[in-house]
Amino acid sequence: MPAIVNPAKNRQFADYCCDLLSTQGRCVAKRMFGGWGISVEGLTFAIIADLGGGDKLWLKADEFCRSRFEAAGCERFMYVGKSKTASMGYYTAPDEAMDSQDAMLPWARLSLECAIRANAAKATVKRAGVKKRAERADQKSR
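Everything in this summary refers to the structure shown in the same document.

Cut-offs applied
Residues numbered from 1 in each chain as written. Predicted model: local features only at pLDDT ≥ 70, side-chain atom pairs only at ≥ 80, totals over all residues. Heavy atoms only, no water. Helix = DSSP H or I, 4+ residues; strand = E, 2+ residues; numbered from the N terminus. Core = buried A, V, L, I, M, F, W, Y, C linked by side-chain atoms within 4.5 Å. Buried < 20%, exposed > 50% of the residue type's maximum accessible area, 1.4 Å probe, protein only. Contact = heavy atoms within 4.5 Å. Pairing = 2+ DSSP bridges. Phe/Tyr/Trp six-rings, centres within 6.5 Å; stacked < 30°, edge-to-face > 60°. Lys NZ or Arg CZ within 6 Å of the ring centre and 35° of its normal.

### What about the environment of Glu41?
Tracing the sequence through the fold places Glu41 in the loop between β2 (35-40) and β3 (43-49). Between the C-alpha atom of Glu41 and that of Gly25, which follows or precedes it by 16 residues, the distance is 7.7 Å.

### Considering the nonpolar core
In this structure, Leu21, Ile38, Phe45, Leu57, Leu59, Phe69 and Met104 are the most contacted members of the largest nonpolar core, which totals 31 residues. When residues in this core are grouped by element, the largest group, seven residues, is from helix α3 (residues 101-141). Once you skip the residues sitting within four places of it in the chain, Met104 turns out to touch Leu20, Leu21, Leu57, Leu59, Ala93, Ala97 and Met98. Ile47, Trp58, Phe77 and Tyr90 belong to the second-largest nonpolar core, a separate cluster that totals five residues.

### Some thoughts on the pairing of strand β6 (residues 85-92)
As paired strands, strand β4 (residues 56-60) and β6 are joined by three bridges and run antiparallel to one another. Residue pairing in the sheet places Lys60 in a bridge with Tyr90 of β6. Relative to β6, strand β5 (residues 76-80) is paired through four bridges, and the arrangement is antiparallel. Each bridged residue has a counterpart across the sheet, and for Tyr79 the counterpart in β6 is Ala86. Between β5 and β6, which follow one another and run antiparallel, lie four residues.

### Observations regarding the packing of aromatic side chains
Each aromatic ring pair is specified by the distance between its two centres and by the angle formed by the two planes. Scanning all chains against the criterion turns up four aromatic pairs. For the ring pair Trp58 and Phe77, a centre distance of 4.9 Å and an interplane angle of 75 degrees mean the geometry is edge-to-face. Note that Trp58 is positioned in strand β4 and Phe77 in strand β5, a separation of 19 residues in sequence. Each member of the pair, Trp58 as well as Phe77, is classed as buried. Taking the centre distance of 5.6 Å and the plane angle of 20 degrees together, the rings of Phe69 and Tyr91 count as stacked. Placement of the pair is Phe69 in helix α2 (residues 66-71) and Tyr91 in strand β6, with a sequence separation of 22 residues. The exposure class assigned to Phe69 is buried, which follows from its relative accessible area of 0%. An aromatic cluster of three or more residues is present, and its members are Trp58, Phe77 and Tyr79. Lying over the aromatic face of Trp36, Arg31 brings its terminal NZ or CZ to 4.8 Å of the ring centre.

Here's what the structure looks like:
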């Protein structure tokens, strides 16, 4: 039986997390896959999801900062897919960071930097694809 979700309580937690993360800019929380995506200027750098045990704030991490999250004892976002356990590049925020904007500041900054790097990598791949298509079209026209 699926868990009963209280949208008002869920929204309150999303608003609280946005307040904690607002040192990075104006945070927007949008409903996403039964949870929330939190973004600044269109870059999603945090999510809220319940993987069992209630809603948690998950911060974006990559190969450059994953070890910092692990050293702080943060939990990695893991879920069971159709045939295997999978993970996403997110970690829970450290417990003490959930207390104030000041405590969250370094973690929010780290997470937003990861989102910026991921966005830049996507743009590079997209530009490379456009360039290849243009080169092929140019070769065909000759």
